[in-house]
Amino acid sequence: MTFKECVEDVFGLDADERVPSFVNQLFDGININDLHPYRALFKECEKLSKEFLLYKDSTWVNGAFGWNLYINVYQLILPEEPIDWKVYLSRMSVMSLIIDASEEREALIKSVDTEWFWLSQSYYVESGYKCLTREQMLDELSELLDKSKERYHRYRGDNPDYDKAMEKNYPKFERILKFLNYNIGDCEVVRMNKPGDDVVVWYFVKAWDCFFIIYLSDCM
């Protein structure tokens, strides 16, 4: 199977409905009904992050299409060959969402329902999958940043706190792009959804020595 076929096989067009299956992949057969499921989920993701996470960063700026544009980047260790992509992609994608939400973990633990809706909404598939080159992905991210800046300056209001956040976050977004440009060499990129969709956009990046997950949220 090609890398794109592996990604499509894992997430399909109903990835939001597969979230319970993704979560179960984290527990290696443990019956999560016998545990406090949400605390167990956070604990397992923290353990995975210690095993696989090399780097993570995130920030947000004015929306290119929606209210605000959030970018989250994770550089991960690849497991030994042969790779079970169903296990690896499901685990790493859930882990990236969970550890990104760590500051709100207590609120999440208290509010999560048994259908995992809060997690499944990050997996809605609207426009399918596409293979990109490294350059296409980086250009796409740069264009989003440019569009964000353009909209911010065009519709800038009187909000000193927001302006202060933008003064801090735009340079951070640029640093993230520089990191990606410097650290991603030859690779295969599969994008789920596309910028402008009112859903989360995922980039799965398979390099020869590591793996990157990048996801963007720019929803109304």
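Quick note: structure is the one above.
This is a predicted model, so every value here is computed, not measured.

Undergrad: Describe the sheet that holds strand S6 (residues 211-217), naming the residues involved and giving the relevant values.
TA: The antiparallel open sheet is built from six strands, whose spatial order is S1-S2-S6-S5-S4-S3. On the outer flanks of this sheet lie strand S1 (53-62) and strand S3 (129-132), each paired with one strand and no other. Adjacent strand axes in the sheet meet at a mean angle of 15°, parallel and antiparallel pairs treated alike. In this structure, strand S4 (residues 187-192) lies alongside strand S5 (residues 201-207), joined through six bridges in antiparallel fashion. Bridge pairing in S5 places valine 190 opposite phenylalanine 204. Strands S1, strand S2 (68-76), S5 and S6 of the sheet are contacted by helix H4 (residues 85-100), whose axis makes an angle of about 50° with S6. Against the sheet, helix H8 (residues 160-183) engages S1, S2 and S6, with an angle of about 140° to S1.

Undergrad: Please set out the pattern of salt bridges residue by residue, giving values where relevant.
TA: For the coordinates displayed, the defined rule picks out 10 salt bridges. Here lysine 194 ties to aspartate 197 by a salt bridge, and the two come within 3.1 Å at their closest N and O atoms. Lysine 194 gets classed as partly exposed once you look at its relative accessible area, which sits at 39%.

Undergrad: Help me get a handle on the packing of helix H7 (residues 134-154) against H8, residues and values and all.
TA: At a closest axis distance of 11 Å, the pairing of H7 and H8 adopts a crossing angle of 170°. With respect to H8, the axis of H7 lies roughly antiparallel. Contacts between H7 and H8 involve Arg134, Leu138, Leu141, Ser142, Leu145, Ser148, Lys149 and Tyr152 from the first element and Tyr162, Asp163, Met166, Tyr170, Phe173, Glu174, Leu177, Leu180 and Asn181 from the second. Here the residues of the contact of H7 with H8 sort into 10 nonpolar, three polar and four charged.

Undergrad: Can you explain the nonpolar core? Please cite residues and give values.
TA: By size, the foremost hydrophobic cluster in this structure holds 42 residues, and its most contacted members are Phe11, Tyr123, Phe204 and Phe211. When residues of this core are traced back to their parent elements, those giving at least two are helix H1 (3-11), helix H2 (19-25), helix H3 (37-52), S2, H4, S4, S5 and S6. For phenylalanine 11, the residues in contact, after removing those within four places along its chain, are Arg18, Phe22, Leu89, Ser93, Tyr123, Tyr129, Met192 and Phe204. Residues Met166, Ile176, Val205 and Phe212 belong to the second largest nonpolar core, which totals 30 residues.

Undergrad: Outline the side chain of serine 96, listing residues and values.
TA: Note that serine 96 resides in helix H4. In contact with serine 96, not counting residues within four places along its chain, are Tyr74, Trp202, Ile213 and Tyr215.

Undergrad: Outline H4, supporting the account with residue identities and numerical values.
TA: In a regular helix each residue adds 1.5 Å, so 16 residues correspond to 22 Å; H4 covers 22 Å between its end C-alpha atoms and thus fits that length. Among the 16 residues that make up H4, 13 are buried, leaving the element largely enclosed by the rest of the structure. Near the N-terminus of H4, the side chain that reaches the backbone nitrogen of lysine 86, with its oxygen 3.2 Å away, is that of aspartate 84.

Each value, and the rule that gives it
- Residues numbered from 1 in each chain as written.
- Predicted model: local features only at pLDDT ≥ 70, side-chain atom pairs only at ≥ 80, totals over all residues.
- Heavy atoms only, no water.
- Pairing = 2+ DSSP bridges.
- Helix = DSSP H or I, 4+ residues; strand = E, 2+ residues; numbered from the N terminus.
- Axes fitted to C-alpha atoms, helices over the stretch in contact; angles between N-to-C directions.
- Contact = heavy atoms within 4.5 Å.
- Salt bridge = Lys/Arg side-chain N within 4 Å of Asp/Glu carboxyl O.
- Buried < 20%, exposed > 50% of the residue type's maximum accessible area, 1.4 Å probe, protein only.
- Parallel < 35°, antiparallel > 145°, perpendicular 65-115°, else oblique.
- Nonpolar A, V, L, I, M, F, W, Y, C, P; charged D, E, K, R; others polar.
- Core = buried A, V, L, I, M, F, W, Y, C linked by side-chain atoms within 4.5 Å.
- Expected span 1.5 Å × (residues − 1).
- Polar contact = N/O pair within 3.5 Å; in protein donor to acceptor, adjacent residues only side chain to side chain.

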